[in-house]
Amino acid sequence: MADNQGNPTAKNYHLGVKPAASGWNVKGAEHCDWGMKNRLAAMFDRRSGNAVMLAFDHGYIMGPTAGLERLDLVVPPLVPHVNVLMATPGAIRACLPPTLDKPLCLRVNYDASVLFDDISAGGGIACDIRQAVRMNASCMAAQTFIGAPGEKNSLEVLARTVNAGQEHGIPTLGVVAVGKDMERSERFFLLATRLLAENGANLVKSYYCEGFERVAAACPVPIVIAGGKKLPEAEALAMCRRAIDEGARGVDMGRNIFQAGAPVAMCRAVGKVVHENCTAEEAFEFYQELLHHPE
Ligand code: 5RP
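Bear in mind the structure is a predicted one, so any value in this text is a computation, not a measurement.

Visitor: For this particular structure, what's the right way to read the overall build of the protein chain?
Guide: Each helix and strand counted, the protein chain has 12 helices and 10 strands in total. At 20 Å, the protein chain has a C-alpha radius of gyration in line with the 19 Å of a compact globule built from 295 residues. Residues counted as buried form 52% of the 295 residues belonging to the protein chain. Within the protein chain, contacts between residues separated by at least 24 positions form 65% of all contacts whose residues are at least 6 apart in sequence. Carbon and sulfur atoms make up 52% of the accessible area of the protein chain, which totals about 14,800 Å². In the protein chain, 29 positive and 32 negative side-chain charges are present, and the distance between their average locations comes to 5 Å.

Structure follows, in structure tokens:
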């Protein structure tokens, strides 16, 4: 030690004061390692405990999706208004600078493209743990096709991702996919979300459905909802409201944001619901105000 003389004596031990509460509030992660918890904590807003994740990974199977034709123009203005960015490593490298200060959720699997009859055939790992670490990922997303031809294959990809993530303290987002002929019922989402959590996913991306409160209750880790196909903005906000009220811890939304009439306004309106407890009507009013009078 440089200075080992003349230091004041340690004496203020605050005897009788309880240890500081950790404030930990991510469901199912209480017993995870510090690094894993630190990454998870960074994904959820400190005050609301919820997350707005922006999903712009669609190109990995769909090519240039409507609204996402130019990643470099569409994504950067949305970044300040979200908690997490969910995309492929290629999209992140190509359209966002490394000065980015938001957690990344990297899609690590590949799947069949939309040119094939059935994307639920399953794929494999596109981005391994070394690449995820090099990209400073806060989370890795792996897609699963429960009840479809690609089920076994996609569960293996999930398991490999979870195991590698556990070694490096990087959480895994298990994604519940809904292929062409796949069921979209409460029964299906109850099964799929629970199955992903029990196979080690630290959080799950699923869809809102009737009976969602039971799906969220039975899933031992947080669920964030996908937006699905584009809805009128008021309806998309109402779906977010219902999902949060029924136990979702946020959204991982793509098309309903970047295909909206005004993507930045929609993204901020979603944040009003997810973080500020606004009603869907208040959030839609906020959206319209920004649409007609951009700041
Ligand atoms: C499908 C996905 C998508 O790639 C995407 O993230 C979905 O987002 P949205 O439905 O909100 O457009 O994860 O399983």
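Visitor: What is the right way to read unusual backbone geometry from this model?
Guide: Leave glycine aside and you will find that most residues have negative phi; peptide bonds, for their part, are mostly trans. We note that His14 has phi near 50 degrees; this positive angle belongs to a residue other than glycine. The residue His14 is located in the segment before helix H1 (34–43) in this model. Exposure remark for His14: the relative accessible area of 48% places this residue in the partly exposed category. Not every positive phi belongs to a glycine, and Asn136 is a case in point at roughly 60 degrees. In this fold, Asn136 is placed in the loop between helix H5 (129–134) and strand E6 (139–144). Overall, the relative accessible area of 60% leaves Asn136 in the exposed class.

Visitor: What is the right way to read the pattern of salt bridges from this model?
Guide: Pairing of side chains with opposite charge becomes possible as their charged atoms draw close. If you walk through the whole model with that rule in mind, you get 11 salt bridges. The residue Asp72 makes a salt bridge to Arg70 at a minimum N-O spacing of 2.8 Å. Overall, Asp72 belongs to the partly exposed group, its relative accessible area being 37%. A relative accessible area of 44% means that Arg70 is categorised as partly exposed.

Visitor: Even after reading the chapter, I still don't get the side chain of Thr144, so can you show me in this structure?
Guide: Considering the arrangement of structural elements, one finds Thr144 in strand E6. Separated by 2.8 Å, the side chain of Thr144 and the backbone oxygen of Val175 make a polar contact. The contacts of Thr144, once residues within four sequence positions are left out, are Ser154, Leu155, Leu158, Val175, Val176, Ala177 and Leu196.

Visitor: Can you walk me through the pairing of E6 in this structure?
Guide: Remember that side chains alternate between the two faces of the sheet whenever the strand is regular. The buried count for E6 comes to six of six residues, which makes it a mostly enclosed element. Neither face of E6 is open: one carries Cys139, Ala141 and Gln143, the other Met140, Ala142 and Thr144, and all of them are buried. Here strand E3 (residues 104–107) pairs with E6 via three bridges, running parallel. Paired with Cys105 across the bridge in E6 is Cys139. Examined bridge by bridge, E6 and strand E7 (residues 172–176) share five bridges and lie parallel to one another. Opposite Met140, over in E7, you have Thr172 as the bridge partner. At this point the chain moves from E6, through helix H6 (residues 151–168), to the parallel E7, and the crossover so formed is right-handed.

Visitor: It is not clear to me how the site of the ligand should be interpreted in this structure. Could you clarify?
Guide: Surrounding the ligand, one finds 16 residues, the nearest of these being Asp57, His58, Lys205, Gly254 and Arg255. Lys205 places a side-chain nitrogen or oxygen 2.5 Å from an oxygen atom of the ligand. Within the contact set of the ligand, an oxygen atom lies 2.8 Å away from a backbone nitrogen or oxygen of Gly228. In isolation the ligand offers 380 Å² of accessible surface; the protein chains occlude 94% of this area. With respect to the detected pockets, the ligand is housed in the largest pocket.

Visitor: Got a minute to help me understand the pairing of E3 in this structure?
Guide: Residues Leu104 and Leu106 point to one face of E3 and Cys105 and Arg107 to the other, with burial holding for every one of them. Sheet topology note: the strand E2 (residues 84–87)/E3 ladder contains three bridges and is parallel. Its bridge partner lying in E3, Met86 is registered against Cys105.

Basis of the calculations
Residues numbered from 1 in each chain as written. Predicted model: local features only at pLDDT ≥ 70, side-chain atom pairs only at ≥ 80, totals over all residues. Heavy atoms only, no water. Helix = DSSP H or I, 4+ residues; strand = E, 2+ residues; numbered from the N terminus. Rg over C-alpha atoms; globule rule 2.2 N^0.38 Å. Buried < 20%, exposed > 50% of the residue type's maximum accessible area, 1.4 Å probe, protein only. Contact = heavy atoms within 4.5 Å. Areas by Shrake-Rupley, 256 points an atom, 1.4 Å probe, with all protein chains shown as cover. Lys, Arg positive; Asp, Glu negative; His and termini not counted. Charge placed at Lys NZ, Arg CZ, Asp CG, Glu CD. Salt bridge = Lys/Arg side-chain N within 4 Å of Asp/Glu carboxyl O. Polar contact = N/O pair within 3.5 Å; in protein donor to acceptor, adjacent residues only side chain to side chain. Pairing = 2+ DSSP bridges. Right-handed = clockwise from strand over helix to strand, strands pointing away. Near = heavy atom within 4 Å. 1 Å grid on protein atoms, 1.4 Å probe; cavity = no way out; pocket = protein on both sides within 12 Å on 5 of 7 lines; lining within 4 Å. Sits in = over half its atoms within 2 Å of the grid points.

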